[in-house]
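Spelled out, the chains give:
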Amino acid sequence: MNYQHAFHAGNHADVLKHVVLLAVCDALTAKPAPCFALDTHAGSGVYHLREERARRTAEADEGISLLLAAAPKQPLVARYLQAVAACRAQHGADAYPGSPWLLAHALREQDRIACCETESAVAGALRHAVGGDSRVSVHTSDGYAAMKSLLPPRQGGQRFNRGLVLVDPPYEAQAAEFDIALKAMRDVLARWPQGIQMLWYPIKQRRTLTPFVRAATRLQSGGSLLVELLVRADDSPLRMNGSGVLILDPPWQLATALAPALECLRNAIGHAGSDTRLHWIREPT
C-alpha cells in the first residue's frame, strides 16, 4: 500500500494513532523535565477534509466525522477531540491536525520537536503549518536516517533524557517496511534507551502480522505494547480494516488508560466484526 497522509487524513487509523500519541505526550509532560519528540514521517502537519485528495477517499467520514458526531466523554478520546477543535479554531472548520501539529499542541515551551519529511513541497507546507514555532525544526530528509543523526537528542548543549520517537511510514515497501522500521528502532534502543518509541502499522488481515510481532518481541525494550483497533472484520487483503501502534517502553499505566479509550472508539466508529487488542508482547521490566 501507499499511505500518503493527505488521502487518508482523519480516517480510523489517524483516530487511533492520534489518541495514543496525545496520551503519550500527556504522560511525558506530567513531569517537569523537558522532553524531545522526533516525527520521522511527518507529512504537511494540517489537512483540509474538503480538499480534493481527502474527498476522493472520503475516509474521514468513517473516522473523525463519526467520532465528532458521537462526541464521547471518555477522557482520552475527549482530549483528542479538544485538540481537533483547537486545530479547527486556528486553521478552519474542515481542518484536521497531523502528528506534528498535535505534538506542538501537546508539548510545552521547554520541549523540542524535530519533524522529517522527504518531499520538499510537503516539508514546505509543514513549515507553514507550524507557523514559525521555534520549538519545531523541520528537516527535508529521510526519517530513518534522522533516527541516527538526531538521537540521542541534543540542542544548544542541552541533552534531553526523555521523549518520543514516532515512526509513521507510508508502507510503500509493504511487508519489508516492518524490517526497515524494526531495525531502526533497535538502533534507537541502543542510542537513546530512555526514549519511548511508537510505530504505526496498517492491518488488512491480522494473521499476516505474525512475523512482524515475532520480530518485535525480540527487541530488547523495557516493555513492548501492541494497541490495535479493527473497525471491521479482517477478512479482506484489499483494504485497511484496522491499524495498530507498537509502543516500546510506554509510560507507566498507559495500557490501563488506553483500555476504555479503545472500547469507546470501537463503539463510536466500528462496524460489524470490529475488535480491539491491547497486548504486552514483552512484559515491562
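Residues numbered from 1 in each chain as written. Predicted model: local features only at pLDDT ≥ 70, side-chain atom pairs only at ≥ 80, totals over all residues. Heavy atoms only, no water.

Trainee: Give me the lowdown on the packing of aromatic side chains, citing residues and values where you can.
Mentor: What the rule picks out here adds up to 7 aromatic pairs. With 6.3 Å between their ring centres and 75° between their planes, F36 and W192 make a pair best called edge-to-face. Pair noted here: F36 is in strand β1 (residues 35–39) and W192 is in the loop between α9 (176–191) and β9 (196–203), with a separation of 156 residues, a long-range link. Assigned by exposure class, F36 and W192 land together as buried. (Phe/Tyr/Trp six-rings, centres within 6.5 Å; stacked < 30°, edge-to-face > 60°. Helix = DSSP H or I, 4+ residues; strand = E, 2+ residues; numbered from the N terminus. Buried < 20%, exposed > 50% of the residue type's maximum accessible area, 1.4 Å probe, protein only.)

Trainee: If you had to explain the nonpolar core to someone new, which residues and values would you point to?
Mentor: With 101 residues, the main nonpolar core has Y80, M147, F212 and L246 as its most contacted residues. Looking at this core element by element, the count peaks at 11 residues for helix α2 (residues 12–29). Beyond its immediate sequence surroundings of up to four residues, Y80 is in contact with V15, H18, V19, L22, I64, L67 and Y96. (Core = buried A, V, L, I, M, F, W, Y, C linked by side-chain atoms within 4.5 Å. Contact = heavy atoms within 4.5 Å.)

Trainee: Any chance you could break down the layout of surface pockets for me, citing the residues and the numbers?
Mentor: Taken as a whole, the largest pocket holds about 620 Å³ of empty space. Around the largest pocket sit 30 residues that line it, and H5, G43, E117, E119 and V122 are the ones nearest its centre. Secondary-structure elements contributing two or more residues to the lining of the largest pocket are α1 (5–8), β2 (46–48), α7 (120–130) and α8 (143–149). Here the lining of the largest pocket gets 4 residues from one element, more than from any other, and that element is α7. When grouped by side-chain class, the residues that make up the lining of the largest pocket number 11 nonpolar, 12 polar and 7 charged. The computed volume of the second largest pocket comes to approximately 410 Å³. Where the lining of the second largest pocket is concerned, the elements lending two or more residues are α9, β9 and α10 (210–217). When its residues are assigned to classes, the lining of the second largest pocket shows 12 nonpolar, 3 polar and 2 charged. (1 Å grid on protein atoms, 1.4 Å probe; cavity = no way out; pocket = protein on both sides within 12 Å on 5 of 7 lines; lining within 4 Å. Points joined across faces, edges and corners; volume = space filled by probe spheres on them. Nonpolar A, V, L, I, M, F, W, Y, C, P; charged D, E, K, R; others polar.)

Trainee: Before we move on, could you go through empty space enclosed by the protein and cite the residues and values that matter?
Mentor: Per the stated rule, a full pass over the model turns up 1 cavity of 30 Å³ or more. Together, H5, D14, K17, H18, A42, Y47, G98, S99 and D168 line the largest cavity. Top element by residues in the lining of the largest cavity is α2. It accounts for 3 residues.

Trainee: I'd like to hear about the environment of G270, residue by residue, with values.
Mentor: Within the fold, G270 resides in the loop between α11 (254–269) and β12 (275–282). For the pair G270 and G63, spaced 207 residues apart in sequence, the C-alpha to C-alpha distance is 9.2 Å. Leaving out residues up to four positions away in the same chain, G270 has contacts with V231 and L265.

Trainee: So, the pairing of strand β11 (residues 242–248): which residues are in play, and what are the values?
Mentor: Buried residues dominate β11, accounting for 7 of its 7 residues. Residues G242, G244, L246 and L248 point to one face of β11 and S243, V245 and I247 to the other, with burial holding for every one of them. For β9 and β11, the ladder comprises 7 bridges, and the chain directions are antiparallel. Bridge pairing in β11 links L199 to L246. Direction of pairing for strand β10 (residues 224–230) relative to β11: antiparallel, over a ladder of 7 bridges. Along β11, the bridge assignment pairs L230 with G242. (Pairing = 2+ DSSP bridges.)

Trainee: Outline the environment of G143, listing residues and values.
Mentor: Along the chain, the position of G143 falls in helix α8. Sequence spacing of G143 and D168 is 25 residues, and the spatial spacing of their C-alpha atoms is 9.5 Å. Those residues within four positions of G143 in sequence are excluded, and the remaining contacts are T40 and C116.

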